[in-house]
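Secondary and tertiary structure notes
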Amino acid sequence: MANLKSLLKDTAVYGLSSIVGRFLNYLLVPLYTHVISAASGGYGIVTNLYAYVALILVILTFGMETTFFRFANKDDENPHCVFSTTVFMVSALTATFLALTFGFINPISEALGYVDHKDYILMLACVVALDAFQAIPFSYLRYKKRPIKFASLKLLFIILNISLNLIYYLWLGKDDVFYVFAFNLVCTGFITFFFIPEFAHEHVAARVYCKEKGIPFKIVDFTLLRRMFKYSWPILVLGIAGILNQTADKIVFPLVYPDAHEGKVQLGIYGACVKVAMIMAMITQAFRYAYEPIVFAKSKDGDKKEYYAAAMKYFLIFTLLAFLCVIAYMPILEKILGGDYREGMQVVPIVMAAEIMMGVYFNLSFWYKLIDKTIYGAWFSAAGCIVLLAINYFFIPEYSYMACAWGGVAGYGTAMVLSYVIGQKKYPINYGLGRLALYVCVTGALYAVMHLVTEGMNDILRMALNTVLIMLYAGMVWALEIRKR
């Protein structure tokens, strides 16, 4: 119970920073969608290039965030050496990536279709390299249970980035897409300096630890690195497949859409509307930041399976509540976007459903991490990715971004089902499927009422009725989960 309370507390801190940060970032969505017209395709370029950034970031971090937690929590490992070895691994990868990008910028820009905008690619290469390097000290803060500094740095980046964008696009009245990327680079570089104390402290602590244990001091332990690599490479495959489930549609879209310019236009509309649905990604990310360190620490306890089942249940309850809230107040949320982007709002509930499946899959994924069989995760995510890519490739030309939305549901659904079925054979956990299915079915019924019955009402009456439906869901949760306790 103490661990569950710790999870709730840390989730609240991480969640607050994530939700507040994403909310502040939403200020950029109406800004961009009002100053950059959908017809220009500018926001489609932003959506496309940041999809590549997300994919490359997973490759450069190489699964080392999870690997760091796993090895730092082992009794027979030097946690300080684990940290420095992890930093070395990621730093070497980022340096190699930057050298290759700058050395081959001409063929890269031609292949991506941005021959006239090599500067976009070079700036984002620096951004993703810095992000990858920062991933390990951010993981270190989570390992040390320091959510306040973690949250502060995340929010500082967002506030700086928003401020620069507001000054340029709103105050000065400009509309150049170049500065979307330039401001990101400036802010990311600035945040890096705040990790100097952590590196200095860890270096001193490592020397003291080695002296007390009577072992030689090593900044990089290559024997340890080989063991970490063996653990992390399946997580890398898992991560690549996982991020492709989130970004493949935005990468593939302009490649398969019949008209190049119109492809960027439609992608911009889709990318803007997906931002509205990202509340599910916020919740899942916040939950992961708090949950992952606790899971590996909890792996030694006798009641760990009951804890994992409880965490799954409360995660699903809360995400379904968030789903209903977004649907209920859609008349307000759609005002976030510029008028020529709102036609794509029909994808929002579909994308949110896919994100819930992704969150469930994340909860299910710990069985293979705890038994050091991360290769299973790679296979599950790869299967989901293949399904998603197939749907996008064959159906985008005819159904545009609706194919992207449903492809996400199919991809995450595939990975989720595979992980559950095989996980129950390898590491069985009683998740209480009957109770989970009840919450899902009730949410589906309430969504149907919101979507069908309230359609055509004026916005105020519609949201009032939807609020009553949300209260019904909350009352059910109180009766089934809280009152008993």
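Counting from 1, residues in each chain are numbered in the order their sequence is written. Confidence filtering applies because this is a predicted model: local features only for residues at pLDDT of at least 70, side-chain atom pairs given and counted only at 80 or more, and all residues used for totals across whole chains, interfaces and linings. Where side-chain values are given, they derive from all heavy atoms of the structure, hydrogens and water being excluded.

1. Considerations on unusual backbone geometry
Only a minority of non-glycine residues have a phi that is not negative, and only a minority of peptide bonds are not trans. For Phe62, which is not glycine, the phi dihedral falls at a positive 55 degrees. Mapped onto the elements, Phe62 comes out in the loop between helix 3 (42-61) and helix 4 (64-72). If you check the backbone angles, Ser400 has positive phi at about 55 degrees while not being a glycine. Helix numbering and strand numbering both begin at the N terminus, where a helix is a DSSP run of H or I of at least 4 residues and a strand a DSSP run of E of at least 2. Within the secondary structure, Ser400 is located in the loop between helix 18 (375-399) and helix 19 (401-426). For the exposure calls, accessible area comes from a 1.4 Å probe over protein chains only, and a residue counts as buried if that area is under 20% of its type's maximum, exposed if over 50%, partly exposed in between. Assessed through its relative accessible area of 13%, Ser400 is described here as buried.

2. Description of the confidence of the model for the chain
Interpretation of this model should avoid reading the predicted coordinates in detail wherever pLDDT is low. Taken over all residues, the pLDDT of the chain has a mean of 83, while the share at 70 or more is 88%. Predictor confidence is given residue by residue as pLDDT, running from a minimum of 0 to a maximum of 100. When pLDDT is averaged over each helix and strand of the chain, the minimum, 60, is found for helix 1 (residues 2-26) and the maximum, 92, for helix 9 (residues 178-192).

3. Considering the pattern of salt bridges
We define a salt bridge as a side-chain nitrogen of Lys or Arg found within 4 Å of a carboxyl oxygen belonging to Asp or Glu. Going through the model one piece at a time under the given rule, you end up with six salt bridges. A salt bridge links Glu334 to Lys335; its shortest N-O distance comes to 3.8 Å. A residue is classified by how much of its surface remains accessible, and Glu334, at 26% relative accessible area, is partly exposed. For Lys335, a relative accessible area of 43% corresponds to the partly exposed category. One continuous salt-bridge network, built from bridges that share partners, spans Arg146, Lys149 and Glu198.

4. Considering the packing of helix 18 against helix 19
The axes are straight lines fitted to the C-alpha atoms, using for helices just the contacting stretch, and the angles between their N-to-C directions are given from 0 to 180°. As a packed pair, helix 18 and helix 19 sit with axes 8 Å apart at the nearest point and diverge in direction by 160 degrees. Between helix 18 and helix 19, the crossing angle belongs to the class labelled roughly antiparallel. Once helix 18 is placed against helix 19, the crossing between them reads as right-handed. Partitioned by chemical class, the residues of the contact of helix 18 with helix 19 number 17 nonpolar, seven polar and one charged. Angular relationships are summarised with four words: roughly parallel below 35 degrees, roughly antiparallel beyond 145, roughly perpendicular across 65 to 115, and oblique for the angles in between. Crossings are assigned a handedness: left-handed for a near helix turned anticlockwise from the far helix by less than a right angle, right-handed for a clockwise turn. Just so you know the grouping, Ala, Val, Leu, Ile, Met, Phe, Trp, Tyr, Cys and Pro go in nonpolar, Asp, Glu, Lys and Arg go in charged, and all remaining residues, Gly too, go in polar.

5. Digging into empty space enclosed by the protein
A pocket here means an open set of points on a 1 Å grid, computed over the protein atoms alone, that has protein on both sides within 12 Å along at least five of seven lines. A cavity is instead a set of points where a 1.4 Å probe fits but cannot get out; residues with an atom within 4 Å of a point line either one. Grid points are joined across faces, edges and corners, and a volume is the space filled by probe spheres set on the points. The tally for this structure, following the rule as stated, stands at two cavities of 30 Å³ or more. Each pocket or cavity is described by its volume, and for the second largest cavity that value is around 40 Å³. Along its surface, the second largest cavity is lined by Leu364, Trp367, Ser419, Tyr420, Gly423, Gln424, Tyr427, Ile429 and Tyr431. In terms of residues, the lining of the second largest cavity owes the most to one element, helix 19, which gives four residues. Split by residue class, the lining of the second largest cavity holds six nonpolar, three polar and no charged.

6. Some details on a nonpolar patch on the surface
Like-charged residues within 9 Å of one another, or nonpolar side chains (Val, Leu, Ile, Met, Phe, Trp, Tyr) within 5 Å, are grouped into patches, provided each residue has over 30% relative accessible area and no salt bridge. Only the protein chains shown count as cover for residues, and all accessible areas are computed by the Shrake-Rupley method using a 1.4 Å probe. A cluster of nonpolar side chains, contributed by Phe190, Phe193, Phe194 and Ile196, occupies part of the molecular surface with about 410 Å² of accessible area. Take Phe190: it is sitting in helix 9.

7. Topic: the packing of aromatic side chains
Centre distance within 6.5 Å is the pairing criterion for rings of Phe, Tyr and Trp, where only the six-membered ring of Trp is used; planes under 30 degrees apart are then read as stacked, over 60 as edge-to-face, and the remainder as tilted. Tallied over the entire structure, the rule returns 31 aromatic pairs. Ring centres of Tyr179 and Phe183 lie 5.6 Å apart, and the angle between their planes is 40 degrees; this geometry places the pair in the tilted category. Placement of both Tyr179 and Phe183 in helix 9 is noted, with a separation of four residues, approximately one turn of the helix. Since its relative accessible area comes to 12%, Phe183 is described here as buried. Following the ring pairs from residue to residue traces out a cluster consisting of Tyr32, Tyr43, Tyr168, Tyr169, Phe178, Tyr179, Phe183 and Tyr341.

8. Here we look at the environment of Met89
Tracing the backbone shows Met89 in helix 5 (residues 79-103). Overall, Met89 belongs to the buried group, its relative accessible area being 12%. Contacts were defined at the residue level, with two residues in contact if any of their heavy atoms lie within 4.5 Å. Not counting the four nearest positions on each side in its chain, Met89 is found in contact with Phe62, Met64, Leu225 and Phe229.

9. Focus: the environment of Ala151
Among the secondary structure elements, Ala151 is positioned in helix 8 (residues 147-171). A C-alpha to C-alpha distance of 9.7 Å links Ala151 and Phe138, two positions 13 residues apart in sequence.

10. Focus: a positive patch on the surface
His is not counted here, nor are the chain ends, while Lys and Arg score as positive and Asp and Glu score as negative. In plain terms, the charge of a residue is placed at NZ if it is Lys, CZ if Arg, CG if Asp and CD if Glu. On the surface, a cluster of positive charge is contributed by Lys230, Lys373, Lys425 and Lys426. Along the chain, the position of Lys373 falls in the loop between helix 17 (366-370) and helix 18. The exposure class assigned to Lys373 is partly exposed, which follows from its relative accessible area of 43%.

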